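Chain residues, written in single-letter form:
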Amino acid sequence: MTMVIAAGLLEPNVGLIVWISITFLALLLLLRRFAWGPITSALSAREAGIKESLEQAERALSEAKEIQVENTRARREAGASAQRVLREARDGAERLRSVEIDKTKDKILHMQEMARQEIEREKDSALDSLRMEVADLAITAAEKILKESLDKGRQQKIVADFLGDLSKN
Amino acid sequence: MTPRKLHLLVLLALAMISAGPGRVGATVMSPWYQDEARAVEHEESGSLEAGQVSSEPGQEAGEHAPVEKLDPVHHGIDSNYLDFEPFGKLQLPRIFFVRRADGSMGLDMYRSTLIAMEDGYTPDMEEGAHGAYLDAEMVPPLNREVIIDFSITKHLVFAWISMLIMLLVFIGLANRYKRGIGRETEPKGILQNMMESLILFVRDEIARPNLGAKTDKYLPYLLTAFFFILTCNLLGLFPYSATATSNIMITGVLASFTFVLTQSGGTKEYWKHIFWPPGVPVMVKPILIPVEILGLFTRPFALAIRLFANMTAGHLVILSLIGLIFTFGDLFGSIGGYGVAPISVAFSLFIYLLELLVALIQAYVFTMLSALFIGMAVKEHQHEQVDPVSNH
């Protein structure tokens, strides 16, 4: 029985089958140990890393979006509160001013009143003193006129009555 | 082992292969001398004179070297030498596992066919030898009987070259990944990017869809098969090289690996499907069971034949197209030969490019079908999902 190679595409060759089986098995084992293991694990690690990064980015993005929404709301709120503060301040100022004006008005009124009273008082006292002066003058005049006819008490009474009638009129 | 040391080792191995026959040992003989003479004659004759040689191979043999005919099939088949015509032929070592006259077993090892002939082996020129002793069957001396011929052949050498290329490329790549290139950073360089996309293709498009959770277990085999076939296919497109995958023995061994992996990983359900197919009447089962059992073997058989036929066919077509030049030269003189040459060359270029495509496609098809067959056997099937009736 000879198994030596000869022409023909389908000629069996047991030796080659043995050789190629050993070759392929060795190749498979060597590559599995030294190549495919490290390569596939590295690829898986990288893929996991990329997935992780993507998820992180996704999370960061959603966080950023949330923050942005938050910020927008805060800004709007801040704006609103600023408006409110401004309005309140304006109102307060307005109120303060009107109060101030009222106060001033009152003061002025009060002062006017005081002045009027003062004037009244001054006028009264002036009138009194005028009256006294007039009385004195009248007395002196009457005294001079009626030096002998009437004593001083009587004259005074008559003048006082007269003056009293005057002030009543 | 550092990558540099590995490179040195590979170079050494390549050097040893190329040193080949007749270089070492006491009887230093040139294996080339006869071939060179024949090459010169071949050059002079110009066109092929097939008829002369094949009609009377026995007479021509031995005395003066006959003209080699351009035989596409002969070019494609395995041989015990590397063909570097017109520079000569590099004879490969012959190793015979023999039974000697005294009944003991042993190995007869020779650096070349020529040296084997010196030791008493004679070429059998009668059968398909094309009149060349290198292509002839070796008949052992009378006191010995060859049991298995372990001779190194052309296809084996190119399978080894593919293996070396793969080891170099992928162990080199693995070291890159170990250093962090591709793991923490992006892959750098054409080679890494290219190989990575292929590896990812095998993993994501071939292994994952078919194997599911068992991807990791079978991925090394699928990757090895894919890249081995691809490397062999592409290597066969280089001048002076041979396509290891155009050898039925080699594709058969590859298919056997798929077969063994399929059957060894088979689930209980897988075997039940074969020996007691569910969902068919009992009467049909006796017909179906043999069909299923036959199916176990036809699938890997088809794998082997498909790859072998595809890789052989391309080379046959190219060589036939080139052969047209000489046929036309013979029929219509040199004008005919020159006239048809541009067409032949254009067509063979087209087939060559097609072969480039086929090299990839066949590697893909083999791996894809292997994954499919293994997946069919090892995957845990969910029948609840397949059969909607049982859900209600």
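Residues numbered from 1 in each chain as written. Chains lettered and ligands numbered in written order. Predicted model: local features only at pLDDT ≥ 70, side-chain atom pairs only at ≥ 80, totals over all residues. Heavy atoms only, no water.

A. Layout of the packing of aromatic side chains. All names here are of chain B. As enumerated under the stated definition, the model contains 20 aromatic pairs over all chains in all. Aromatic pair Phe 84 and Tyr 240: ring centres 5.6 Å apart, planes at 55 degrees, arrangement tilted. With a gap of 156 residues between them, Phe 84 in the loop between β1 (81-83) and β2 (89-91) and Tyr 240 in the loop between α9 (215-235) and α10 (248-264) connect regions that are remote in the sequence. What makes Phe 84 partly exposed here is its relative accessible area of 25%. Looking at Tyr 240, the relative accessible area reads 38%, which means it is partly exposed. (Phe/Tyr/Trp six-rings, centres within 6.5 Å; stacked < 30°, edge-to-face > 60°. Helix = DSSP H or I, 4+ residues; strand = E, 2+ residues; numbered from the N terminus. Buried < 20%, exposed > 50% of the residue type's maximum accessible area, 1.4 Å probe, protein only.)

B. Representation of the nonpolar core. Among the nonpolar cores identified, the biggest contains 80 residues, and Phe 170, Tyr 221 and Phe 227 of chain B are the most heavily contacted of them. Where this core is concerned, the elements lending two or more residues are α1 (14-145) of chain A together with β7 (144-149), α7 (154-179), α8 (190-211), α9, α10, α11 (268-275) and α12 (285-378) of chain B. Counting residues per element, this core draws most heavily on α12 of chain B, which supplies 16 residues. When residues of this core are sorted by domain, at least three fall in each of domain 1 (25-152) and domain 2 (156-379) of chain B. Those residues in contact with Phe 227 of chain B that lie beyond four places of it in its chain are Trp 36 of chain A together with Met 166, Phe 170, Met 195, Leu 198 and Ile 199 of chain B. (Core = buried A, V, L, I, M, F, W, Y, C linked by side-chain atoms within 4.5 Å. Domains from an automatic or database assignment. Contact = heavy atoms within 4.5 Å.)

C. View of the side chain of Gln 192 of chain B. All names here are of chain B. Mapped onto the elements of the fold, Gln 192 is located in helix α8. Reaching out from Gln 192, the side chain makes a polar contact with the side chain of Arg 176 at a distance of 3.0 Å. The residues touching Gln 192, leaving out its near neighbours within four places in the chain, are Leu 173, Arg 176, Tyr 177, Ile 181, Gly 182 and Pro 187. (Polar contact = N/O pair within 3.5 Å; in protein donor to acceptor, adjacent residues only side chain to side chain.)

D. The arrangement of α12 of chain B in detail. With 94 residues, α12 of chain B extends only 23 Å from end C-alpha to end C-alpha; this falls clearly short of the ideal 140 Å at 1.5 Å per step. Of all the bends found along α12 of chain B, the most pronounced is centred on Phe 332 of chain B and spans about 150 degrees. (Expected span 1.5 Å × (residues − 1). Bend = angle between axes of the 7 residues up to and from the residue.)

E. Examining the interface of chain A and chain B more closely. Listed as interface residues are 43 residues of chain A and, on the opposing side, 59 residues of chain B. Of the roughly 4,600 Å² buried at the junction of chain A and chain B (both faces included), carbon and sulfur atoms supply 76%. By the criterion of area lost to chain B, the three top residues of chain A are Leu 9, Phe 24 and Trp 36 of chain A, representing 16% of everything that side buries. Viewed at the interface, chain B and chain A are joined by two salt bridges. Across the pair Glu 196 of chain B and Arg 46 of chain A runs a salt bridge, and its minimum N-O distance is 2.5 Å. (Buried area = accessible area lost by both parts, 1.4 Å probe. Salt bridge = Lys/Arg side-chain N within 4 Å of Asp/Glu carboxyl O.)

The quantities given are spatial measurements derived from coordinates; they are silent on function.
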